[in-house]
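Residue-level structure breakdown
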Amino acid sequence: MGPLTDITTDQAPADPAATDDMLATQPIGYWSGLAHEAVTRHLRDAMARIDVTQPQYWVLNRVNGAPAAPSREEVVIQLTPLADGPHEIARVIDQLFHRGWLRSDAGQRLQLTDAGEAARVRLRELVTELRAVVHEGISDEEYVAALKVLRRMVANVEEAGES
């Protein structure tokens, strides 16, 4: 495969101390992985202090945000790609039933209880506060530009894998 642009930038080894003028040579895998680990750890640590997990928050949001009440299977299928294993989301659903945050209707569709909705709202407030910390000094325009670049990189890799 030849260069995709007229300019080819050499790939340098990952360097956490790279100066701004060296960033174009840095590996995206290293920096995106570092960002993922730091942000996820920050979020999960804050949630742990109130005895909640990130996957529990995902399930609460998925059940609340669906146009129609989802089934257990639908939630498992949708969220498993984000999870730490194939059985995690099913376990989380069981945990939320045990906490009294989820219930199922006569058609076996999942719904939030009042306590579950209160927890979801409380977690949403926490996540909004944490987002402000992560985004400090970053404008919405810069954030959108960064996500567009990452989205394009994912598309580039996926397109290259198909050829």
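What comes next is a walk through the structure. Positions within a chain are numbered from 1, following the residues in the order the chain's sequence is written. Selection of residues for local features in this predicted model requires a pLDDT of at least 70, selection of side-chain atom pairs for listing and counting requires 80 or more, and totals for whole chains, interfaces and linings are taken over all residues. Only hydrogens and water are set aside when side-chain values are computed; all heavy atoms of the structure are taken into account.

1. Digging into helix H4 (residues 88–99)
Secondary structure is summarised from DSSP: a helix means a run of H or I of at least four residues, a strand means a run of E of at least two, and numbering begins at the N terminus for each. To estimate the expected span of a helix, subtract one from its residue number and multiply by 1.5 Å. Spanning 12 residues, H4 covers 16 Å between terminal C-alpha atoms, matching the ideal 16 Å at 1.5 Å per step. Gly100 sits one or two residues past H4 and shows a positive phi near 80 degrees.

2. Digging into unusual backbone geometry
The backbone phi angle of Asp51 is positive, close to 60 degrees, even though this residue is not glycine. Checked against the element boundaries, Asp51 lands in the loop between helix H1 (28–48) and helix H2 (54–65). Using a relative accessible area of 54% as the deciding quantity, one classes Asp51 as exposed. Of note, the phi angle at Gln108 is positive, near 60 degrees, even though the residue is not glycine. Structurally, Gln108 can be placed in the loop between strand E1 (102–104) and strand E2 (110–112). By relative accessible area, Gln108 is classed as exposed at 52%. Only protein chains enter the area calculation, which uses a 1.4 Å probe; residues under 20% of their type maximum are buried, those over 50% are exposed, and those in between are partly exposed.

3. Section: the packing of H1 against helix H5 (residues 114–134)
Throughout, an axis means a line fitted to C-alpha atoms (over the contacting stretch in the case of helices), and angles, computed between N-to-C directions, take values from 0 to 180 degrees. Here H1 crosses H5 at 145 degrees, and the two axes come no closer than 11 Å. As for how H1 packs across H5, the hand of that crossing is right-handed. Two secondary-structure elements touch here, H1 through Val39, His42, Leu43, Ala46 and Met47 and H5 through Leu123, Leu126, Val127, Leu130, Val133 and Val134. Throughout, the ten residues Ala, Val, Leu, Ile, Met, Phe, Trp, Tyr, Cys and Pro are labelled nonpolar, Asp, Glu, Lys and Arg are labelled charged, and all others, Gly among them, are labelled polar. Its residues assigned to classes, the contact of H1 with H5 comprises 10 nonpolar, one polar and no charged. Crossing handedness: left-handed means the near helix sits turned counterclockwise from the far one by under a right angle, and right-handed means the same turn made clockwise. Should any heavy atoms of two residues lie within 4.5 Å, those residues are considered in contact.

4. Considering the pattern of salt bridges
As a working rule, side chains carrying opposite charge can pair if their charged atoms are close by. The term salt bridge refers to a pairing of a side-chain nitrogen on Lys or Arg with a carboxyl oxygen on Asp or Glu at a separation within 4 Å. Scanning the entire structure with this criterion turns up six salt bridges. The residue Arg152 makes a salt bridge to Glu159 at a minimum N-O spacing of 3.2 Å. When its relative accessible area of 42% is taken as the criterion, Arg152 is described as partly exposed. A residue is classified by how much of its surface remains accessible, and Glu159, at 44% relative accessible area, is partly exposed.

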